[in-house]
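Topology and contacts: notes
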Amino acid sequence: MMGFTLLGLVLLGLTHGWRTVIRSRFFLHRFQLEGYRVHRTRDWWMDRGRRLLIRPEHVMGAIALGVWSRWGIGLGTLLVLWCILFASAIDYLKTPIKKPLAWTPRMRRLTVLTGLLTGAVALGVLWSVNPLMGTDTAILMRVMCFLLMFELLVPYTLVVASGLLTPVESGVREGFKRQARARLARREDLTIVGITGSYGKTSTKVAIAELLSQRHEVLATPGSFNTPMGLCLVINEQLQRSHEVAVLEYGIRYPGDMQELVDLVRPTIAVVSALGIAHLETMGSASAIDREKGLLVEALPADGHAVLNADDARVLALQSRTQGRVWTVSVTGDADIRAFDVTYSDRGMSFIVQDETGDTAPFEIALLGAHNVTNVLLAVAVGRVLRTPLRALARAARRLRAVPHRLALRHEGPLTIIDDAFNSNPAGAREAIDVLGRVSRGRRIVVTPGMIELGAQQDAENRAWGAYMAGRVDQVYLVGAAQTKPIYEGLLSESFPVEAIHVVDQFQDARAALLAAAQPGDVVLYENDL
């Protein structure tokens, strides 16, 4: 009997044990993607992840245990059934497109405490129901019960673990901030370029870093490291004496976020790309977003420089809030730095740039979207602040490549993909549809879960976007029925054929259907966080 028990434990470990690890990792990953914020994670569970909290196999497993304990079906039969029920982890292996799990020190602390809490609660419940017995049958049964309870508890115990770690994380953050301030205090010669905006921050940051590197040693925050801890990590671990310029991204989600960032790192050049309604749900109003973003230009010293997108009236209005020199850029009108004669091709865009002296130079970039012209102009303005010749900036612009998940062009089997999966906003979502029309030679297909964090305007904006895409695309895959209902309604309001609308539960369901029905020339737009 002992041999059977050992074999059973090995089988359980290879099937249900492995799956339990994958499921736990999935929920920890989602918690990290939601910024370690409980309310955002809860909203994701309710909107898109409810079916993953309690699965049919959990119910069937509980029933099987009840049947076994009541009527005594064979242990071998129960073991085989159990391994079949819990052998698959496919739903939890569908890693989100946005970014992979980062095993930061914070995530490691959370993982360990979550595991300890979950294990302790599961063992405590088992012990209280019936203290452990030594029979082989009891051992196998309790391992099955433990794994089942561990799976079910993890989404909730990780929230408890996060709360228990709050004082620890606060102390860690303050220590990192002190270290970063001390390092910056020793680098008064460092030029700090701070970038903010409702959208376009990361792409603008990449453009600025690339163009400035033509003449300077540049340090830029990687990815979307735009939080206080992200800036601290870059300053504390990557800033070297050789760096002349630091290009940093300043992101906000809640009132007070920008003040915390500028108190930590005060810019000498402030760049504002665009102001929209991203994060309207957490900020409350468009005016609150403008006030918060404007703190970046207010933080400039008297000899600082504010670089503003003059094509955005809300951005241009920030010029009254700075004591520094204001630089404007425009694609549509007069400005210090402006672009004209913009042309598109399947390789990118070309245009002419005129600087503040009246000098002009041709630019060619391997990027899609009119907003990328604006991003390059913002980068040119920063380059001119640092006295880089316009033609040198034009040469550097040829090296620019798309930021991952921001109108990035790639191929998946027979499909051409335009990956715009990072946070969507109304203006960016419309532009992505326009780009799809310019690039596509075949069917134009959109896969999206809709726009989020738009507060009271979310349904109206999604409905308007659905109406906008109706005459510009051929197929639409909506991920999640509840949150995409307004898009569905918008499509139908413009007589979009209902048979061309496909509602799926997961992004992977849409991808599988697309690959199965792919036709030559198909171009697919992934819009917003999938």
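This report concerns the structure included in the present document.

About the thresholds
Residues numbered from 1 in each chain as written. Predicted model: local features only at pLDDT ≥ 70, side-chain atom pairs only at ≥ 80, totals over all residues. Heavy atoms only, no water. Helix = DSSP H or I, 4+ residues; strand = E, 2+ residues; numbered from the N terminus. Rg over C-alpha atoms; globule rule 2.2 N^0.38 Å. Buried < 20%, exposed > 50% of the residue type's maximum accessible area, 1.4 Å probe, protein only. Contact = heavy atoms within 4.5 Å. Pairing = 2+ DSSP bridges. Axes fitted to C-alpha atoms, helices over the stretch in contact; angles between N-to-C directions. Parallel < 35°, antiparallel > 145°, perpendicular 65-115°, else oblique. Left-handed = near helix turned anticlockwise from the far one by under 90°. Polar contact = N/O pair within 3.5 Å; in protein donor to acceptor, adjacent residues only side chain to side chain. Core = buried A, V, L, I, M, F, W, Y, C linked by side-chain atoms within 4.5 Å. Phe/Tyr/Trp six-rings, centres within 6.5 Å; stacked < 30°, edge-to-face > 60°. Lys NZ or Arg CZ within 6 Å of the ring centre and 35° of its normal.

**Quick look at the overall build of the protein chain**
Broken down by element type, the protein chain carries 19 helices and 15 strands. Taken against the 2.2 N^0.38 rule, which gives 24 Å for 530 residues, the C-alpha radius of gyration of the protein chain at 27 Å falls within 12% of a compact globule. Judged by the C-alpha coordinates and their principal axes, the protein chain covers about 90 × 60 × 40 Å. The buried share among the 530 residues of the protein chain stands at 53%. Sequence separation of at least 24 residues holds for 73% of the intrachain contacts in the protein chain that already meet a minimum separation of 6.

**What about the sheet that holds strand E6 (residues 325-330)?**
The 9 strands are arranged E2-E3-E1-E4-E5-E6-E7-E8-E9 in an open sheet whose pairing can be described as mixed. Sheet topology places strand E2 (218-220) and strand E9 (360-365) at the edges, where each strand pairs with a single neighbour. Neighbour to neighbour, the strand axes of the sheet diverge by 20° on average, direction disregarded. Looking at chain direction, strand E5 (residues 305-309) and E6 are connected through 5 bridges and run parallel. Note that in E6 the partner of Ala-306 across the bridge is Val-326. Lying over the sheet, helix H15 (residues 390-397) contacts strand E8 (348-354) and E9, oriented at roughly 10° with respect to E9.

**Details of the side chain of Thr-114**
Structurally, the position occupied by Thr-114 is in helix H5 (residues 105-129). Taking relative accessible area as the criterion, Thr-114 reaches 3% and is therefore assigned buried.

**As for the packing of helix H9 (residues 228-238) against helix H10 (residues 257-264)**
Between two packed helices, the angle of one axis relative to the other and the distance separating the axes together describe the packing. Two elements in contact, H9 and H10, have axes separated by 10 Å at closest approach and are oriented at 20°. By the criterion of interaxial angle, the relationship of H9 to H10 is roughly parallel. Between H9 and H10 lies a crossing of right-handed hand. Across from Pro-228, Leu-231 and Cys-232 in H9, the residues of H10 making contact are Glu-260, Leu-261 and Leu-264.

**Examining unusual backbone geometry**
In this structure, Tyr-36 takes a positive phi of about 60° despite not being glycine. Note on placement: Tyr-36 falls in the loop between helix H1 (2-33) and helix H2 (38-53). Taking relative accessible area as the criterion, Tyr-36 reaches 14% and is therefore assigned buried. The backbone of Asp-341 shows a phi angle near 55°, a positive value even though the residue is not glycine. Mapping Asp-341 onto the fold places it in strand E7 (residues 337-345). With relative accessibility at 56%, the residue Asp-341 sits in the exposed group.

**Remarks on the environment of Val-121**
Among the structural elements, Val-121 can be located in helix H5. Placed 28 residues apart in sequence, Val-121 and Met-149 show a C-alpha to C-alpha distance of 8.8 Å.

**Re the side chain of Thr-282**
With respect to the helices, strands and loops of the structure, Thr-282 is situated in helix H11 (residues 280-283). Among the polar contacts listed, one links the side chain of Thr-282 to the backbone oxygen of Arg-253, at a separation of 2.3 Å. When residues no more than four places from it in sequence are discounted, the contact partners of Thr-282 are Arg-253, Tyr-254 and Pro-255.

**As for the nonpolar core**
Counting 63 residues, the largest nonpolar core has Tyr-250 and Val-265 as its most contacted members. Not counting chain neighbours up to four residues away, the residues in contact with Val-265 comprise Leu-184, Ile-192, Leu-231, Ile-235, Leu-248 and Tyr-250. By size, the runner-up hydrophobic cluster in this structure holds 38 residues, among which are Ile-269, Met-349, Leu-378 and Ala-381.

**Remarks on the sheet that holds strand E14 (residues 501-504)**
Pairing is mixed across the open sheet formed by 6 strands, whose spatial order is E10-E11-E15-E12-E13-E14. Here the strands that pair on one side only, and so sit at the sheet edges, are strand E10 (408-412) and E14. Taking the axes of each pair of neighbouring strands and ignoring which way they run, one obtains an average angle of 20° across the sheet. As paired strands, strand E13 (residues 475-479) and E14 are joined by 4 bridges and run parallel to one another. Bridge pairing in E14 places Val-479 opposite Val-504. Docked against the sheet, helix H16 (residues 426-439) engages E10, strand E11 (415-420), strand E12 (444-448) and strand E15 (523-527), running at close to 170° with respect to E15.

**Side note on the packing of aromatic side chains**
Scanning the entire structure with this criterion turns up 5 aromatic pairs. Considering the side-chain rings of Phe-146 and Phe-150, the 5.8 Å spacing of their centres and the 50° angle between planes classify their relative orientation as tilted. On the criterion of helical spacing, the pair formed by Phe-146 and Phe-150 is a turn pair, its members being 4 residues apart in helix H6 (residues 136-164). For Phe-146, a relative accessible area of 22% gives the class partly exposed. Take Phe-150: its relative accessible area is 14%, and that puts it in the buried class. Aromatic side chains Phe-507 and Tyr-526 sit 4.9 Å apart centroid to centroid with 90° between the ring planes, which places their arrangement in the edge-to-face category. You can see Phe-507 sitting in helix H19 (residues 507-516) and its partner Tyr-526 sitting in strand E15, a full 19 residues away along the chain. Grouping residues by exposure puts Phe-507 and Tyr-526 together as buried. If you follow Arg-106 out to its NZ or CZ, it ends over the ring of Tyr-36, 4.0 Å from the centre. The lysine or arginine in question, Arg-472, covers the ring of Tyr-468, its NZ or CZ lying 3.8 Å from the ring centre.

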